[in-house]
Amino acid sequence: MLIDTHCHLDFPDFAAERDEIVARARGAGVIRLVTISTRVRRFDAIRAIAEAYDDVYCSVGTHPHNADEEGDVTADELESLSAHPKVVAIGEAGLDYFYDNAPREAQAQGLRVHIEAARRTGLPLVIHSRDADADMADILKEETGKGTFPFLLHCFTAGEELARTGIELGGYISFSGILTFPKSEALRAIARGLPRDRLLVETDAPYLAPKPYRGKRNEPAYVAHTAGVLAETLGLPLDEVSAITTENALRIYAKMPRV
């Protein structure tokens, strides 16, 4: 059993065969899928997908790429929308200095709004952080000082220091197909050093397909390949890593029903 803790079933890549995508995930042993919001103003579509499948859940939030488009989103609005039974997380929100598609000030402000919503609701904040390690660590420390909130660092590709900060503040670390890439040994070394009760796996589908599908469209069924490489990295049987990451996912996404 596995849980894909982060995918994007609302993206156009899946529109023509969403039923088949979900069915293939089930066939691969994926018992839960969390489809992640990138625009609050398109939340209706996310919610409808989650409502259409018993094993699909969702989040509500604004991706940092879209932070300036949705600067009017408030913690009150996020809190209200998150009351839906299928919403198990806030986000994804965060900082992306690689693309800088939105002003950094807007990204930071949006992140803080989402943190407040996570703090109020107790739902985990799904954090996107790319090339922004220092600022992300500073914001997480500062905001935790105002009151704790659950969070996970999704599609982790940052440095060891941010991983350590995230763990120290109570966060979880989620690995995508990037973990399987030949040049990702530094990332695998970070994974080996993390507490096993904070490890998650995801696809970020339709992006970042793991080996042997690299370069192709990703889909939730492929999370099994990332789990397999994580198992090799930790020197553990795949069944054990599947059990560990599934239990961790059910703990952080506590609103999601257990199997």
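All right, on to the side chain of Ser59 then. Mapped onto the secondary structure, Ser59 falls in strand 3 (residues 56-60). The class for Ser59 is buried, based on a relative accessible area of 0%. Among residues more than four places away in sequence, those in contact with Ser59 are Thr35, Ile36, Ser37, Phe43, Ile46, Val87, Ala89, Ile90, Gly91 and Glu92.

The subject of this paragraph is helix 9 (residues 238-252). Here helix 9 spans 21 Å end to end across 15 residues, near enough to the 21 Å set by a 1.5 Å rise per residue. All of the buried residues along helix 9 are Val241, Ser242, Ile244, Thr245, Thr246, Asn248, Ala249, Leu250 and Ile252. Each element contacted by the buried residues of helix 9 is listed here: strand 1 (2-7), strand 2 (30-35), strand 6 (151-153), strand 7 (172-175), strand 8 (199-201) and helix 8 (223-234).

Take the sheet that holds strand 7 next. Sheet architecture is open: 8 strands sit in the order 1-2-3-4-5-6-7-8, paired in parallel fashion. Of all the strands in the sheet, just strand 1 and strand 8 have a single pairing partner and so form its edges. For this sheet, the mean angle separating the axes of adjacent strands, direction not counted, is 30°. Bridge analysis of strand 4 (residues 87-96) against strand 5 (residues 125-130) gives 6 bridges, and the strand direction is parallel. Looking at the pairing, Gly94 lines up with His128 of strand 5.

Reading guide: rules and limits
- Residues numbered from 1 in each chain as written.
- Predicted model: local features only at pLDDT ≥ 70, side-chain atom pairs only at ≥ 80, totals over all residues.
- Heavy atoms only, no water.
- Helix = DSSP H or I, 4+ residues; strand = E, 2+ residues; numbered from the N terminus.
- Buried < 20%, exposed > 50% of the residue type's maximum accessible area, 1.4 Å probe, protein only.
- Contact = heavy atoms within 4.5 Å.
- Expected span 1.5 Å × (residues − 1).
- Pairing = 2+ DSSP bridges.
- Axes fitted to C-alpha atoms, helices over the stretch in contact; angles between N-to-C directions.

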